[in-house]
Amino acid sequence: MTSAQAADSAESGPESGPESTTWTIAEVADEFDVTHRAVRHYEELGLISPERRGTQRLYHRRDRIRLALIMRGRRIGFPLEEIRTIIDMYDDHPGEAGQLRYLLSQIGDRREDLESRRRDIEDSLAELDELQRRCQEDLARLPAKR
């Protein structure tokens, strides 16, 4: 999802409104189904930057868009540093086109990694099936206990 698509998605929610609309940490945590601690962690990493009023954090539309991108990236297995790179590319040079090219290369890398993991899992399941079959055969050959 590009930053523009995330903006469209974030704006279509029930909380859409004027640019001055803000949300509390509880509201964004609930919306994205994460803990307050996770939201604060993303802030500490500089992935989001809420407005501070004393001890209160106020999240603007940009923070919600960035949280949507973070959560999508996490769901598909990107590490936070890759997510940061992808998000930051939208704001900096080379812009959205560069962001999309980079994202495509990362998707390819992620796909290869997941395909490799799938093959490893399938191999492990086949080994477990074979081990289970042999154990059942060995058990069947043992004399019955009285």
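A brief look at the structure comes next.

Reading the values: rules and limits
Residues numbered from 1 in each chain as written. Predicted model: local features only at pLDDT ≥ 70, side-chain atom pairs only at ≥ 80, totals over all residues. Heavy atoms only, no water. Helix = DSSP H or I, 4+ residues; strand = E, 2+ residues; numbered from the N terminus. Salt bridge = Lys/Arg side-chain N within 4 Å of Asp/Glu carboxyl O. Core = buried A, V, L, I, M, F, W, Y, C linked by side-chain atoms within 4.5 Å. Buried < 20%, exposed > 50% of the residue type's maximum accessible area, 1.4 Å probe, protein only. Contact = heavy atoms within 4.5 Å. Phe/Tyr/Trp six-rings, centres within 6.5 Å; stacked < 30°, edge-to-face > 60°. Lys NZ or Arg CZ within 6 Å of the ring centre and 35° of its normal. Arc of directions from axis to C-beta. Axes fitted to C-alpha atoms, helices over the stretch in contact; angles between N-to-C directions. Parallel < 35°, antiparallel > 145°, perpendicular 65-115°, else oblique.

1. Comments concerning unusual backbone geometry
And step 1. Of note, the phi angle at Asp33 is positive, near 55 degrees, even though the residue is not glycine.
And step 2. If you trace the backbone, Asp33 turns up in the loop between α2 (25-32) and α3 (36-44).

2. Considering the pattern of salt bridges
And step 1. This model, assessed by the stated rule, comprises 12 salt bridges.
And step 2. In this structure, the salt-bridge partner of Arg141 is Asp138, at a minimum N-O distance of 2.3 Å. A residue pair is termed a helical-turn pair when its members lie 3 or 4 positions apart in one helix, as Arg141 and Asp138 do in helix α6 (residues 95-141) at three residues.
And step 3. Through salt bridges with shared partners, one network takes in Glu43, Arg52 and Arg57.

3. Regarding the nonpolar core
And step 1. Val39, Tyr42 and Ile70 are the most contacted members of the largest nonpolar core, which totals 24 residues.
And step 2. Secondary structure elements with two or more residues in this core: α2, α3, α4 (61-75) and α5 (80-91).
And step 3. A per-element tally of this core places α4 first, with six residues.
And step 4. The residues contacting Val39, other than those within four sequence positions of it, are Ile25, Val28, Ala29, Val34, Ile48 and Tyr59.

4. A short note on the packing of aromatic side chains
And step 1. Under the definition given, this model contains zero aromatic pairs.
And step 2. The ring of Trp23 has Arg64 sitting right over it, with the charged end atom 4.3 Å from the ring centre.

5. Remarks on α2
And step 1. Those residues of α2 that sit buried are Ile25, Val28, Ala29 and Phe32. Across the axial projection of α2, the buried residues extend over an arc of 100 degrees, all falling on one side.
And step 2. Lining the buried residues of α2 we find α3, β2 (56-58) and α4.
And step 3. Just past α2, the residue Asp33 takes up positive phi, approximately 55 degrees.

6. Comments concerning the packing of α2 against α3
And step 1. For the pair α2 and α3, interaxial distance at closest approach is 9 Å and the crossing angle is 105 degrees. On the basis of the axis angle, α2 is roughly perpendicular to α3. Facing Ile25, Ala26, Val28 and Ala29 of α2, the residues of α3 in contact are His36, Val39 and Arg40.

It is worth stressing that arrangement in space is one thing and function is another; only the former is reported here.
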